[in-house]
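# Examining the three-dimensional arrangement
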Amino acid sequence: MTRHFLGLSDAGGDALAAMLNDAIDRKAGRIGQPKGKPDADAPLAGHTLAMIFEKNSTRTRVSFDMAIRQLGGSSIIMEAGSMQLGRGETVADTARVLSRMVDAIMIRTDDHAKIEELARYADVPVINGLTDLSHPCQIVADLLTVVERGFALPGLQVAWLGDGNNVANSLIEAAGLMKFTLRIAGPLGYEPDADFVAAARRAGGEVVLTQDPEEAVRGAQVVVTDTWVSMGQPGGDVHIAAMQPYQVDGVLMAKADPKAVFLHCLPAHREEEVTSEVIDGPQSAIWDEAENRIHAQKSVLLWALGRL
Ligand code: CP
Ligand code: NVA
């Protein structure tokens, strides 16, 4: 069976834990090495990853490219607008052709139905590099960042502030798989996807939705936020005004656990969803989090290609 990674549940809790362990080991094993040097075992030597971007990206693009290099493979990066896909070739035909040419496909797109269609017609693994619905690779990196700071995932207290977006949905999925508590504070009308919330609760994660930012952060060991307006969202003054109470500033951060870490997938809009005081402050783990995209995605690639 082809292992697609459209969401964290495609792997499940056990595989996710294995990915985190593998990422920690591989990260430790290459300290001091040049960033482009393959790991000694080069487990994906000869493998090629095709990447399709229908939206902007810095981290996902560079981290997947470096991840496949470190695993001994190589990548091809394509903007959808310069592909025949951008002129109307179908997603299904694109999937069939790329499956004959490369070993795995990563796509960043808008409508989640598109990645599902790509996976339906691809014979090689399809990996979600962000859709309007979810961003699972980001959450593997976030969990890695939390675990390497000494936190255990079961029972962890996590707070999400602001827009109930794609990153929030994947964090909710992780709460169910890894059994942590996630309190999400945001304005009415900007809640995360109800199906993700229901599925995580069924799986045993405690997911609390509130409009009170203090309720979300009280006792939280991890405080997470993201842009108030995601790529492709209309945004506007009403949207931005609704988000103001959820800004993560020093006062709000002080209400979390004193040892709490601050995460943000980036790019950040300083003085909007987070103040510079917090994002540049001692509790911020954002640069480790960004670097961990490489280490996390190496494990995602290894899992998708049956090596984990
Ligand atoms: N966090 C993240 O996915 O960043 P990019 O949009 O730069 O890829
Ligand atoms: N929620 C953001 C994440 C960017 C990495 C967006 O979709 O624009």
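These remarks concern the structure in this document. (Residues numbered from 1 in each chain as written. Chains lettered and ligands numbered in written order. Predicted model: local features only at pLDDT ≥ 70, side-chain atom pairs only at ≥ 80, totals over all residues. Heavy atoms only, no water.)

## Thoughts on the overall build of the protein chain
Quick reminder of the rule: Only DSSP runs of H or I reaching four residues or more are called helices, and only runs of E reaching two or more are called strands; each is numbered from the N terminus. Restricting the calculation to C-alpha atoms gives the radius of gyration, and the globule rule supplies 2.2 Å times the number of residues raised to the power 0.38. In this scheme, a residue with accessible area under 20% of its type's maximum is buried, one over 50% is exposed, and one in between is partly exposed, where area comes from a 1.4 Å probe on protein chains only.
Helix and strand counts for the protein chain stand at 12 helices and 9 strands. A globule of 308 residues ought to have a C-alpha radius of gyration of about 19 Å, and the protein chain, at 19 Å, matches this closely. A principal-axis box enclosing the C-alpha atoms of the protein chain has dimensions of 55 × 45 × 35 Å. In the protein chain, buried positions account for 56% of the 308 residues.

## Details of the pattern of salt bridges
Stated formally: Within this document, salt bridges are pairs made up of a side-chain nitrogen of Lys or Arg and a carboxyl oxygen of Asp or Glu, the two lying within 4 Å of each other.
Throughout the structure, instances matching the rule amount to 15 salt bridges. The salt bridge involving Glu-79 is made with Arg-61; its shortest N-O contact spans 2.6 Å. On the criterion of sequence distance, the pair formed by Glu-79 in strand 2 (residues 74-79) and Arg-61 in helix 2 (residues 59-70) is long-range, its members being 18 residues apart. Overall, Glu-79 belongs to the partly exposed group, its relative accessible area being 35%. On the basis of relative accessibility, which here comes to 19%, the residue Arg-61 falls in the buried class. Here Asp-93 and Arg-96 are joined by a salt bridge, their closest N and O atoms 2.7 Å apart. A residue pair is termed a helical-turn pair when its members lie 3 or 4 positions apart in one helix, as Asp-93 and Arg-96 do in helix 3 (residues 91-101) at 3 residues. Residue class for Asp-93 comes out partly exposed when judged on its relative accessible area of 32%. Where salt bridges share partners, they join Asp-22, Arg-26, Arg-30, Asp-39, Asp-41 and Lys-298 into one cluster.

## Some thoughts on the site of ligand 1
Our working definition: The near set for a molecule or strand comprises every residue that places at least one heavy atom within 4 Å of it. By the criterion applied in these results, polar contacts are pairs of N or O atoms within 3.5 Å in which, for protein atoms, one can donate a hydrogen and the other can accept it, and in which residues neighboring in sequence qualify only through two side-chain atoms. Each residue receives one of three labels: charged for Asp, Glu, Lys and Arg, nonpolar for Ala, Val, Leu, Ile, Met, Phe, Trp, Tyr, Cys and Pro, and polar for the others, Gly being one of them.
All residues in the neighbourhood of ligand 1 are listed as Ser-57, Thr-58, Arg-59, Thr-60, Arg-108, His-135, Gln-138, Cys-265, Leu-266 and Arg-293. In this structure, Ser-57 approaches ligand 1 through a side-chain N or O atom, which is 2.6 Å from an oxygen atom. Looking at the shell around ligand 1 residue by residue, the class counts come to 2 nonpolar, 5 polar and 3 charged.

Any functional reading would require information beyond the geometric quantities listed.
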